[in-house]
Amino acid sequence: MTLLFDLPANPCVPVLGEAAAFPVRRVFCVGRNYAAHAREMGFAPDRDAPFFFTKSAWTICPSGATIPYPPGTENCHYEMELVVAIGAPAFRIAEAEAPSAVLGYACGFDMTRRDLQNAARDQGRPWDCGKDFENAAVIAPITRAAHFDPREQAIRLTRNGTVKQDARLSDMIFSVPELIACLSAFYHLQPGDLLYTGTPAGVGPIAPGDRLAGTIDGLTPVELAIGAAE
Ligand code: MN
């Protein structure tokens, strides 16, 4: 079959020390996975079940980019997160087996148009416009799981050199294996899927001219510069 226009190649994420990159298939994200962040958003933390939302693969933005201040918002926020890269199929996988589905880990930003997200939330509408927009899934190169095991590592974000988020991966309400097991009850996870695992407390606004840096001990930092609005 011929195509009316070129099918664009999926975005890819470099893998540290390897020539082959990780082609992105789907982007899943977890909401309110750190208790202090749940509270700052106005919710009591709970361990009933994690909840998920999605971004299109076309929201992927490589670390080190300069992006225009996103359109349609007056209150775009950073959210520093650990990202899990899925490397093997997983459907209804047990928590104990979940690590076998992980190819590696990366630092990422879940950029959020907070004003649009909160307005949608308060009206009982979907969050998509607040979460799923161009350049909203920023990601650094992936480190293979053989070289990184998420435990009590520090997770931090600086905005223009000032620390804004500072927590530990062990502060997550649901661990990486628990998240993968839960998510795989709803989806046939496949190689190329990414999972943003939620952000610690301290989220806040960005402005043109900002430089964001996110670190997790043992992973490649993620960086982003904010340019003028288009
Ligand atoms: Mn998030």
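Here, the structure is the one placed above.
First things first, this report covers the structure right here in the doc. (Residues numbered from 1 in each chain as written. Predicted model: local features only at pLDDT ≥ 70, side-chain atom pairs only at ≥ 80, totals over all residues. Heavy atoms only, no water.)

**Focus on the overall build of the chain**
The number of helices and strands found in the chain is four helices and 18 strands. In terms of principal-axis extent, the alpha carbons of the chain reach across some 50 × 40 × 35 Å. For the chain, the residues scored as buried account for 48% of the 230 residues in total. Long-range contacts, defined as pairs at least 24 residues apart, comprise 78% of the intrachain contacts of the chain with a sequence gap of at least 6. By element, 53% of the accessible surface of the chain is carried by carbon and sulfur atoms, the whole surface being about 10,800 Å². Where the 19 positive side-chain charges of the chain centre and where its 26 negative ones centre are 2 Å apart. (Helix = DSSP H or I, 4+ residues; strand = E, 2+ residues; numbered from the N terminus. Buried < 20%, exposed > 50% of the residue type's maximum accessible area, 1.4 Å probe, protein only. Contact = heavy atoms within 4.5 Å. Areas by Shrake-Rupley, 256 points an atom, 1.4 Å probe, with all protein chains shown as cover. Lys, Arg positive; Asp, Glu negative; His and termini not counted. Charge placed at Lys NZ, Arg CZ, Asp CG, Glu CD.)

**Let's talk about the pattern of salt bridges**
Summed over all chains, the structure comprises 12 salt bridges. Two residues, Arg114 and Glu79, come together in a salt bridge whose shortest N-O distance is 2.8 Å. Of the two residues, Arg114 is situated in helix H2 (residues 114-122) and Glu79 in the loop between strand S7 (76-78) and strand S8 (80-86); the sequence distance between them amounts to 35 residues. Of the two residues, Arg114 and Glu79, neither departs from the other in class, the shared state being buried. Linked through salt bridges whose partners overlap, the residues forming this network are Lys55, Glu79, Asp110, Arg114 and Lys131. (Salt bridge = Lys/Arg side-chain N within 4 Å of Asp/Glu carboxyl O.)

**Comments concerning the sheet that holds strand S14 (residues 162-168)**
The strand order across the open sheet built from five strands is S6-S18-S17-S13-S14, with neighbouring strands paired in mixed fashion. Two strands close off the open sheet at either side, each with one partner strand: strand S6 (66-68) and S14. Strand-to-strand twist of the sheet, defined as the mean angle between neighbouring strand axes without regard to direction, takes the value 20 degrees. For strand S17 (residues 211-216) and strand S18 (residues 222-227), the ladder comprises four bridges, and the chain directions are antiparallel. Its bridge partner being in S18, Gly214 is matched across the sheet by Val222. (Pairing = 2+ DSSP bridges. Axes fitted to C-alpha atoms, helices over the stretch in contact; angles between N-to-C directions.)

**Considering the state of the cysteines**
Under the definition given, this model contains zero disulfides. Cys29 takes part in no disulfide bond, and the closest cysteine sulfur, belonging to Cys76, lies 14 Å away. With no disulfide partner, Cys129 has as its closest neighbouring cysteine sulfur the one in Cys76, 12 Å distant. Accessibility expressed as a relative area gives 49% for Cys129, which makes it partly exposed. (Disulfide = S-S within 2.5 Å.)

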